[in-house]
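Listed below are the residues making up each chain.
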Amino acid sequence: MDTTARFSDGLTAATREVRVRLSADRLALMIEGAGTDAPLRWPLGELRALPDHSRPDEIVLTHVEPHGDETQVQAARLVVSEPDAVAWLHRTRPALFSRPHRPGTARRLALYGGGALAAVVLMLFVILPALAGTLAGMLPPEREQAFGQTVLRQMERVLGAEDAGALDCSSTDGRAALDLMTARLTEGRDLAYDIDVRVFDHDMVNAFAAPGGQIVLIRGMLDLAEGRDEIAAVLAHEIGHVEARDPTRAALRTAGSVGLLGLLFGDFAGGAVMLTLAERLIDASYSQKAEARADRYAYGLLREAQVEPAALGDLFETLAGEAGEAPGALSHFLSHPRLSDRVEAARAATREDAETRPILDDAAWTDLRNICG
Amino acid sequence: MTDTPPPHPAEAPPPLPPRAAGPRYTGAPYPIFMLGLKTGLLTVLTLGIYRFWAKTRVRRYIWSSVELDGDRFEYTGTGVEKLLGFLLAVVILAVYVGLIQIGLFYFGLTLWTEPETRVEVLARSVAFLLTGAAVLPFVQFAIYRARRYRLARTRWRGIRFGMDKAAWGYAVRALGYMALTGVTLGLLLPLQTFRLTRYMTDRSWFGDTRFRQEGHWTALYGAMRQIFYAVAFGAAAALITYLLEWPLLPPLALPATGIWLVFGLFVYRVRSFAYLASHTVLDGHAGLTASPSVKTIFTRYALGSLAIGLVSSVVFGVLGGAIAIIAGGAGQMAGEDGALVGLVVAALPAMMVYLLGFVFIGAATLALISQPVLAHYVTTLTVSDADALGAVQQRTGDRGADAEGFADALDLGGAF
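Residues numbered from 1 in each chain as written. Chains lettered and ligands numbered in written order. Predicted model: local features only at pLDDT ≥ 70, side-chain atom pairs only at ≥ 80, totals over all residues. Heavy atoms only, no water.

1. Some remarks on the pairing of strand E3 (residues 28-32) of chain A
Residues and elements named next belong to chain A.
No. 1: Most of E3 sits out of view: four of its five residues are buried.
No. 2: In terms of strand pairing, strand E2 (residues 16-22) meets E3 through four bridges, oriented antiparallel. Across the sheet, the residue bridging to Leu-22 is Leu-29, located in E3.
No. 3: Two successive antiparallel strands, E2 and E3, enclose a turn made up of five residues, where Arg-26 displays a positive phi of approximately 60 degrees.
No. 4: Here E3 runs beside strand E4 (residues 40-43); their pairing, made up of four bridges, is antiparallel. What sits directly across from Met-30, in E4, is Arg-41. (Buried < 20%, exposed > 50% of the residue type's maximum accessible area, 1.4 Å probe, protein only. Helix = DSSP H or I, 4+ residues; strand = E, 2+ residues; numbered from the N terminus. Pairing = 2+ DSSP bridges.)

This is the structure:
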């Protein structure tokens, strides 16, 4: 190893020709003519070459300096381009292109990674839900109602209706029966909203509460229910959602968390899928709590209306028989507490000695089942 | 040489004219394509984590392909610091974006009066725009930070480049000038371009020496010529349509105006860069000259896009067809549940082809568009006095706390 090379000392942007040869003890490169009195000595073990360079016929050498900047090498550069010297370096110095390890990297990665994860989890599961709750409480009821109306429109469109109200079932007797049921359930309660219940004419087995006290039963539910008490239980459950402002709260929380998750998953292929999945999982953990709360609220309403809370459990069993075959089963289990737990809870909330009476008489129940004509 | 013997041996030789030097670009298409392909695949395999190292390695290759006066530039950034910076930025942005979104949504709800479909759409788009505007300060901040990070990790002859810490100052000015450009319908675009470039250039350093932006913003109006032509063309077309009630014109003139406008912006970018770079000096040492050719750059973009489009449509058309045939065959064999089996058989390979296509196009873009365009910009630069650069002294390193994490989190890519 004896060659000429180009040298920059890392102090000024000047370059000079130097002579490079192996030291007498064969443990270092000696650089002569580098502008210092004595030749520079670069121990072989400390030599490093800059990686990923575009010209393989040239090697830019430097040497390790442990407590330096991001590179962990000295700023001085030795450019070797004489083919024999380049070949000698490749042959004898296998660790030439290894990156000097910066101490504490793993610890810093763990710290930053953990911190980032903690911040995101805190935002998604504590701060945004709390904020959503507070904001939902601050929203004037008439605004909430206007928003709920938009949600209903949206739902109607999803179910295939072109015009607003096209799905509404409105046989006079059926409406009267529905209003009677609602009145009996809410009797003596001071509710924050005027409850507005309607029935959509569609095969789907479902019921939901939109913001602002608007509750929708879908005809499939009426068809499936095995008794009037089960429908009363659904209604009581949805009133529970309305009173807890769950729909508004969920909308606000989703607005925040979708923005946040979009930022996290935005920039790689399949990001949209991850976003949807993550939002679904977060939503599930929240709606589970909300569902359990709405159930408990429903027990109270049912008891006061002299209906056994167990009716809610009966309904779940009816639903479970159906959901076993339905393709939406998985999503149902994601967003609702385990059905068997809810059935048990509903049965446990029923007192053996409580007096009961039918929520509607037989004629009114028939009217309600035929509300869609 | 011997006619007049030197009176003193130490006397300086007669001053020579400064020795100008132009950078060379030595990168080749094949190695950078392979590098892009390799690092792109690793990025996919690691669910995106490797992208910080991928970017680092591609930059190392590109920086080292630029050779000035015999010595190559180098890029010293690391993947780890980019990942750490990204994590830091994600925390700050996630908290900010989450709060802003929920706040805007609430604000939207309190304004919600008529739940009409049109209004709903309008309200949504306004909320969307507001959300976009909410991250705009961070976008500007990130642009400056990313540039500072790139400069701080660039060296030539071992000497560091660098940039002052002034990202928020930049963000405030950028928002101000953007508003001004918007209000004047683009008429003050040159002012925005010039002032923002000067803000960055005047804070950039090579070693201990500062860069300085000279020139005047009104000189950039020349670079806007094609934009004015496009606007004039559009206006003329509108006038003719209005006067002659000629219904055939708008469907032709509208897209033509649009394309011309995009072309005009492209020309503006090249020409304004040429002017601004040619009026950049390294204080007391050297000046720059830039003479990029609009035609060459346009040709490189066009040919590169064409080649990539052709190759990828052939390759992925064939692959996609093969998958469809195999899936269909599997479906047939499975009999009754054929459709479902076919879907399952097709899903995995289709996903892989999609991801491979993504990586392939990325690598091809690097090799056939980004690199050739950059090569042209680099090789049409000239440094007025190469020898004067030797006097520049080293500067201390910049820790660069968040690397370019904000730019990465906000998807402000750029080619490299």
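2. Some thoughts on the state of the cysteines
All names here are of chain A.
No. 1: Considering all chains together, one arrives at one disulfide over all chains under this definition.
No. 2: Linked covalently through their sulfurs, Cys-169 and Cys-372 form a disulfide whose S-S length is 1.9 Å. The sign of the S-S torsion, about 90 degrees, decides the handedness of the disulfide formed by Cys-169 and Cys-372: right-handed. Within this pair, whereas Cys-169 is found in the loop between helix H3 (141-158) and helix H4 (172-186), its partner Cys-372 is found in the segment after helix H12 (362-369), the two being separated by 203 residues in sequence. (Disulfide = S-S within 2.5 Å.)

3. Observations concerning the confidence of the model for chain A
All names here are of chain A.
No. 1: Taken as a whole, chain A shows an average pLDDT of 83; of its residues, 90% reach a score of 70 or greater.
No. 2: Element-level pLDDT for chain A is lowest in helix H10 (residues 329-335), with a mean of 49, against a maximum mean of 93 in strand E7 (residues 77-80).
No. 3: pLDDT under 50 marks residues 325-333. Its contacts with residues more than four places away, or in other chains, come to five contacts. (pLDDT = per-residue confidence, 0-100. Contact = heavy atoms within 4.5 Å.)

4. Some thoughts on the nonpolar core
What tends to happen in soluble globular proteins is that the nonpolar side chains get buried as a cluster.
No. 1: Among the nonpolar cores identified, the biggest contains 103 residues, and A:Leu252, B:Tyr144, B:Trp156, B:Phe206 and B:Leu410 are the most heavily contacted of them.
No. 2: Here this core takes eleven residues from helix H3 (residues 79-111) of chain B, the largest share from any one element.
No. 3: When near neighbours in sequence (up to four residues on either side) are disregarded, A:Leu252 contacts A:Ala132, A:Leu135, A:Ala136, B:Ile102, B:Phe105, B:Tyr106 and B:Leu109.
No. 4: Residues A:Leu222, A:Val234, A:Leu312 and A:Val343 belong to the second largest nonpolar core, which totals 45 residues. (Core = buried A, V, L, I, M, F, W, Y, C linked by side-chain atoms within 4.5 Å.)

5. Considering the interface of chain B and chain A
No. 1: Facing 64 residues of chain B, the contacting portion of chain A comprises 60 residues.
No. 2: Both sides of the chain B and chain A interface together cover about 5400 Å² of buried area, and 61% of this is carbon and sulfur.
No. 3: For the pair chain B and chain A, the interface holds six salt bridges.
No. 4: For B:Glu67, the salt bridge identified is with A:Arg55, shortest N-O distance 2.8 Å.
No. 5: Our count for the contact surface shared by chain B and chain A stands at 16 residue pairs in polar contact (both at pLDDT 80 or more).
No. 6: For the side of chain B that touches chain A, the elements supplying multiple residues, two or more each, are helix H2 (51-65), strand E3 (71-75), H3, helix H4 (117-152), strand E4 (154-156), strand E5 (159-163), helix H10 (338-379) and helix H11 (405-409) of chain B. (Buried area = accessible area lost by both parts, 1.4 Å probe. Salt bridge = Lys/Arg side-chain N within 4 Å of Asp/Glu carboxyl O. Polar contact = N/O pair within 3.5 Å; in protein donor to acceptor, adjacent residues only side chain to side chain.)

6. Let's talk about the environment of A:Gly213
Residue and element names in this part refer to chain A.
No. 1: Counting through the fold element by element, Gly-213 comes out in the loop between strand E9 (207-210) and strand E10 (214-218).
No. 2: For the pair Gly-213 and Pro-141, spaced 72 residues apart in sequence, the C-alpha separation works out to 8.9 Å.
No. 3: Residues within four places of Gly-213 in sequence aside, it is in contact with Tyr-193, Asp-194, Ile-195, Asp-196 and Val-242.

7. Looking at helix H6 (residues 189-201) of chain B
Residues and elements named next belong to chain B.
No. 1: For H6, with 13 residues, the first-to-last C-alpha span of 18 Å sits near the 18 Å given by 1.5 Å per residue.
No. 2: With respect to burial, H6 is a largely interior element, ten of its 13 residues being buried.
No. 3: The complete set of buried residues in H6 reads Leu-189, Pro-190, Leu-191, Gln-192, Thr-193, Phe-194, Leu-196, Tyr-199, Met-200 and Thr-201. (Expected span 1.5 Å × (residues − 1).)

8. Thoughts on the packing of H6(B) against helix H8 (residues 249-278) of chain B
Residue and element names in this part refer to chain B.
No. 1: Where H6 contacts H8, the axes come no closer than 11 Å and their chain directions differ by 45 degrees. As far as their axial angle goes, H8 and H6 are oblique. As for the relative orientation of H6 and H8, their crossing is right-handed in sense. Counted together, Leu-189, Pro-190, Thr-193, Phe-194 and Thr-197 of H6 and Tyr-268, Ser-272 and Leu-276 of H8 form the full contact between these two elements.
No. 2: The class makeup of the residues in the contact of H6 with H8 is five nonpolar, three polar and no charged. (Axes fitted to C-alpha atoms, helices over the stretch in contact; angles between N-to-C directions. Parallel < 35°, antiparallel > 145°, perpendicular 65-115°, else oblique. Left-handed = near helix turned anticlockwise from the far one by under 90°. Nonpolar A, V, L, I, M, F, W, Y, C, P; charged D, E, K, R; others polar.)

9. Examining empty space enclosed by the protein
No. 1: Per the counting criterion, the structure on display carries three cavities of 30 Å³ or more.
No. 2: As for the largest cavity, its lining consists of 18 residues, of which A:Leu50, A:Pro51, A:Thr71, A:Arg99 and B:Glu74 are closest to the centre.
No. 3: Elements with a contribution of two residues or more to the lining of the largest cavity: strand E5 (47-49) of chain A together with E3 of chain B.
No. 4: The class makeup of the residues in the lining of the largest cavity is seven nonpolar, six polar and five charged.
No. 5: Its boundaries defined by the atoms lining it, the second largest cavity holds a volume of some 110 Å³.
No. 6: Of all the elements in the fold, those that place two or more residues in the lining of the second largest cavity are strand E1 (2-8) and E7 of chain A together with E3 of chain B. (1 Å grid on protein atoms, 1.4 Å probe; cavity = no way out; pocket = protein on both sides within 12 Å on 5 of 7 lines; lining within 4 Å. Points joined across faces, edges and corners; volume = space filled by probe spheres on them.)

10. Brief notes about the sheet that holds E7(A)
Residue and element names in this part refer to chain A.
No. 1: Strand order in the open sheet formed by seven strands is E4-E3-E2-E1-E7-E6-E5, with antiparallel pairing between adjacent strands. Edge positions in the open sheet fall to E4 and E5, since each of these has one partner strand only. Averaged over all pairs of adjacent strands, the angle between strand axes in this sheet comes to 35 degrees, irrespective of strand direction.
No. 2: Sitting on the sheet, helix H1 (residues 83-92) touches E1, E2, E3, E5, strand E6 (59-63) and E7, and the angle it makes with E6 is about 55 degrees.

11. Overview of the packing of aromatic side chains
Given two aromatic rings, one states the distance between the centres and the angle between the planes to describe the pair.
Residues and elements named next belong to chain B.
No. 1: Applying the stated criterion across every chain, the model contains 30 aromatic pairs over all chains.
No. 2: Ring geometry for Phe-273 and Tyr-377: centres 4.9 Å apart, planes at 80 degrees, overall edge-to-face. In this pair, Phe-273 sits in helix H8 while Tyr-377 sits in helix H10, placing the two residues 104 residues apart along the sequence.
No. 3: A relative accessible area of 32% means that Phe-273 is categorised as partly exposed.
No. 4: One aromatic cluster is present, built from ring pairs that chain together Phe-73, Trp-156, Phe-161, Phe-206 and Phe-211. (Phe/Tyr/Trp six-rings, centres within 6.5 Å; stacked < 30°, edge-to-face > 60°.)

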